[in-house]
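Residue-level structure breakdown
Here is how the chains run, residue by residue.
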Amino acid sequence: MDPSAIRKLDEVVVNRIAAGEIIQRPANAVKEMIENSLDAKSTSIQVVVKTGGLKSLQIQDNGTGIRREDLEIVCERFTTSKLQKFEDLSTIDTYGFRGEALASISHVAHLTIVTKTRLEKCAFKASYEDGKLKGDVKPCAGNQGTQITVEDLFYNVPMRKQALKAPNEEYQKISDVISKYAVHNPQTAFILKKFGENASIRTQAKSTVENNIKTIYGSSIGKALMKLDIDDDILQLKVSGFITNVNFSLKKSLFVLFINHRAVESTNLKRAIDQVYSLYLVKGTSPFIYLSIEMNPANVDVNVHPTKHEVHFLHEDEIIDKIKEAIERILLGGNASRTFYTQALLPGASTPDVETVKLNESYDKPKQLEYKLVRTSHNDQKLEKFFGPNVSRNASFNESTGNTSSTISSATIVTPKREKVFRDTKLTSVLNLRKSLEDDCDRNTRKILSELAFVGVIDRVQALIQYDTRMFLTNTKVLCEELCYQLLLFHFGNLTRISFQKPLPLVELAKLALQSSESGWTEEDGPVDELADRIVEILLNKAPIMREYFNLCIGEIGVLESIPNIIDGYTPSMAHLPMYILRLATEVEWDDEQECFRTFCRETAQFYAKMALTKEMTECKWEVEHAVYPAIKQYLLPPKNFAKNGTLLQVANLPDLYRVFERC
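Given the structure is predicted, the values throughout are model-derived calculations rather than measurements. (Residues numbered from 1 in each chain as written. Predicted model: local features only at pLDDT ≥ 70, side-chain atom pairs only at ≥ 80, totals over all residues. Heavy atoms only, no water.)

This brings us to the sheet that holds strand β12 (residues 262-263). Across the sheet, which stays open at both edges, the five strands sit in the order β9-β10-β13-β11-β12 with mixed pairing between neighbours. The sheet terminates laterally at β9 (225-232) and β12, the two strands that pair on one side only. Where strand β10 (residues 237-244) meets strand β13 (residues 288-295), seven bridges bridge the pair, whose relative direction is antiparallel. Of the residues in β13, the one forming a bridge with Val239 is Ile293. Across the sheet, helix α9 (residues 316-333) touches β9, β10 and β13, and the angle it forms with β9 is around 140°. (Pairing = 2+ DSSP bridges. Helix = DSSP H or I, 4+ residues; strand = E, 2+ residues; numbered from the N terminus. Contact = heavy atoms within 4.5 Å. Axes fitted to C-alpha atoms, helices over the stretch in contact; angles between N-to-C directions.)

Here it is, written out as structure tokens:
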């Protein structure tokens, strides 16, 4: 079979193919024309649609208009007032730049322009077909600005026309486009309506983004909005926007994204935000997100896709992480009043009158009948409490380091007993540290913790507790660390000890720590053996202080004999013991009395709060429920930032539920 001859396509065919890439449906045409109107500094844009835009699309603005002498070429491809050379793409600050929009529309529809500039005495009317002026430019009456009418869209591309949705669906897509641009451009008034009907979208000029979101998307979204702002000089990044709190959700995602004022899509950014919200929202629901991202135009490639809905930009991973972190902070900070309604959890139950309560407000118990409350009795008991975890009490080293120490793994812990004699301290440094804890205590959070009912362990970091009819997701690690820090100060000089039947050589612990990637040791820091000897020397020198005040005992030959017993029934993970020893030598401020006690207690608290993977989950659960949280309930003075940073996160408010969390 002979090969077919290669022929040059007719120019009309080429232009119609190119037009199909840019104008895929009526909504694309509307987007292109709205962007032209905004580039023309319009403060009012009105769109009238007939038969979903297939029969007629008309857009009218009050912008600068088009000069009479430019009307002859305005619909020719690659004619634009916004770009002169390729390098201008790196500084482009207008929506349009290719000069293809009107040309593409004219190749697949009948297009008419009526326009008037400020200096001209009358308006001018011109019609176009296949990018060419059809007939003469005629003077006519008209106001300043431009009116573009697109009729019989895709009349010459029947396959494209048949593939489109029903008129109402096409109208909805047009509405989606105008909604996004109206939100992002509150200085401009937008009107959208079907021919012969009232407006379905109407916003006012000189409005605000927040008001337009409420006007277009509804008051329920408006009430749930939280402001987002990022300004990063290093990434040359500015982000402003609004996101909904975790009390609000949609069945279908609403993600409005503008980069350098251009409506675009970013699958990676959307996925990252969805991951954040997936921790809070019911599966299958989504938030409302509006983001306006501004960055150096030189870092953005807008010339990626004919429709300009996709852009590429530098430092994408860093920018997405920055936005993700900001959203996480906002959700944690604004989630104290999260409410779950009974009807959503128990189908058929009556909808309760739920009072939203924040962590920084008073938690006075409502006067309700007892049978309407979830049981939160402090006397609730489980039999397992009295038996303890069925696990070995031998210390073990963290397998993740790749090392195994028989010295550590064979060191059996001796159960301590609390001393009966209590010695109070008169050291001003310790009294000052105690007072700072008391002054920073948040009384409302303290009330929650002092009356908590433990619900269950989620993992090694998080747990669920209940206060009254409210349920909280808690960060056990943060709570445990703060508790240990406070107990070290308030039991100063009165701590019992956790002893090792076989003392542990400090030099071996130090070497294990230095060989761990967590230490950050490199060969430039010096030989491991020399550094380990120096660590032992420092700790031997400070051993009397640690023994006297904290019952951390180091023998004269450089062996660790015991560590403080801070929480009765709780043993720290010995996998982290080597790093703790290293940090005692390097991170404690031994030369200043108050700083010495503060930093020692902080480092010790951090060690005790870490739950190693080598500790059996059964043991972890028992210690968390029967040792850590009872001590939190009795002793912890929660600092004020716990009410804001997500340490306690209210996840449900269930005033009419009865015995849902009742336990044996």
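Next, the rest of the story.
Per the counting criterion, the structure on display carries 12 aromatic pairs. Residues Tyr217 and Phe288 carry aromatic rings whose centres are separated by 5.1 Å and whose planes lie at 55° to one another, so their mutual orientation is tilted. Pair noted here: Tyr217 is in helix α6 (residues 209-217) and Phe288 is in strand β13, with a separation of 71 residues, a long-range link. Phe288 sits in the buried class, given a relative accessible area of 0%. Measuring from centroid to centroid gives 5.2 Å for Phe607 and Tyr608, while their planes differ by 80°, and the two rings are edge-to-face. Among the aromatic residues, those joined into a cluster by ring pairs are Phe492, Tyr549, Phe550, Trp590, Phe597 and Phe600. A cation over a ring is seen here: Arg68 above Phe124, with NZ or CZ 5.6 Å from the ring centre. Sitting over the ring of Phe242, Lys227 keeps its end group 5.3 Å from the ring centre. (Phe/Tyr/Trp six-rings, centres within 6.5 Å; stacked < 30°, edge-to-face > 60°. Buried < 20%, exposed > 50% of the residue type's maximum accessible area, 1.4 Å probe, protein only. Lys NZ or Arg CZ within 6 Å of the ring centre and 35° of its normal.)

Residues in a regular strand project their side chains so that they alternate between the two faces of the sheet. Along strand β19 (residues 470-475), five of the six residues are buried, which leaves the element largely enclosed by surrounding structure. Inspection of the sheet shows strand β18 (residues 462-467) paired to β19 by six bridges, in the antiparallel sense. Looking across to β19, one finds that Ala463 is bridged to Thr474. What sits between the antiparallel neighbours β18 and β19 is a turn of two residues, in which Asp468 has the positive phi angle 55°. Bridge analysis of β19 against strand β23 (residues 648-653) gives five bridges, and the strand direction is antiparallel. When the sheet's bridge partners are listed, Arg470 is paired in β23 with Asn653.

All right, on to the confidence of the model for the chain then. Note: predicted coordinates in regions of low pLDDT should not be interpreted at a detailed level. This prediction gives the chain a mean pLDDT of 82; 76% of its residues lie at or above 70. At the level of individual helices and strands, the chain shows its lowest average pLDDT in helix α10 (residues 342-345), which scores 38, and its highest in strand β1 (residues 44-50), which scores 97. Confidence drops under pLDDT 50 across residues 16-21; counting only partners more than four residues distant or on other chains, this segment forms 11 contacts. Low pLDDT, under 50, characterises residues 656-664; the predicted model gives this stretch 27 contacts beyond four residues in sequence or across chains. (pLDDT = per-residue confidence, 0-100.)

Across the sheet, which stays open at both edges, the four strands sit in the order β17-β18-β19-β23 with antiparallel pairing between neighbours. Edge positions in the sheet fall to β17 (453-457) and β23, since each of these pairs with one other strand and no more. The sheet shows a mean angle of 25° between the axes of neighbouring strands, direction not considered.

What follows covers empty space enclosed by the protein. Overall, the coordinates contain one cavity of 30 Å³ or more when judged by the stated rule. Volume-wise, the largest cavity comes out at about 40 Å³. If you go around the largest cavity, the residues you meet are Ser253, Leu254, Phe255, Lys270, Ile273, Asp274, Pro287 and Ile289. Listing elements by their share of the lining of the largest cavity, those giving two or more residues are β11 (254-259) and α8 (267-277). In terms of residue class, the lining of the largest cavity is built from five nonpolar, one polar and two charged. (1 Å grid on protein atoms, 1.4 Å probe; cavity = no way out; pocket = protein on both sides within 12 Å on 5 of 7 lines; lining within 4 Å. Points joined across faces, edges and corners; volume = space filled by probe spheres on them. Nonpolar A, V, L, I, M, F, W, Y, C, P; charged D, E, K, R; others polar.)

To continue, consider unusual backbone geometry. Residues other than glycine seldom take positive phi values, yet Lys41 does so here, at roughly 65°. Looking at where Lys41 falls in the secondary structure, it is placed in the loop between α2 (26-39) and β1. With a phi angle near 50°, Asn260 is a residue other than glycine that sits in the positive phi range. Counting through the fold element by element, Asn260 comes out in the loop between β11 and β12.

Let's shift gears to a negative patch on the surface. A cluster of acidic residues, Glu587, Glu589, Asp591, Asp592 and Glu593, forms a negative patch at the surface. With respect to the helices and strands, Asp592 occurs in the loop between α17 (577-586) and α18 (593-609). In this structure Asp592 comes out as partly exposed when scored by relative accessible area, which is 41%. (Patch = residues over 30% accessible without salt bridge, like charges linked within 9 Å, V, L, I, M, F, W, Y side chains within 5 Å. Areas by Shrake-Rupley, 256 points an atom, 1.4 Å probe, with all protein chains shown as cover. Salt bridge = Lys/Arg side-chain N within 4 Å of Asp/Glu carboxyl O. Lys, Arg positive; Asp, Glu negative; His and termini not counted. Charge placed at Lys NZ, Arg CZ, Asp CG, Glu CD.)

Glancing now at the environment of Leu111. Note that Leu111 resides in strand β3 (residues 110-116). By relative accessible area, Leu111 is classed as buried at 1%. Through-space distance from the C-alpha of Leu111 to that of Thr149 is 5.8 Å; in sequence the pair is 38 residues apart. Those residues in contact with Leu111 that lie beyond four places of it in its chain are Cys75, Leu102, Ile105, Ser106, Ala126, Ser127, Tyr128, Ile148, Thr149 and Val150.

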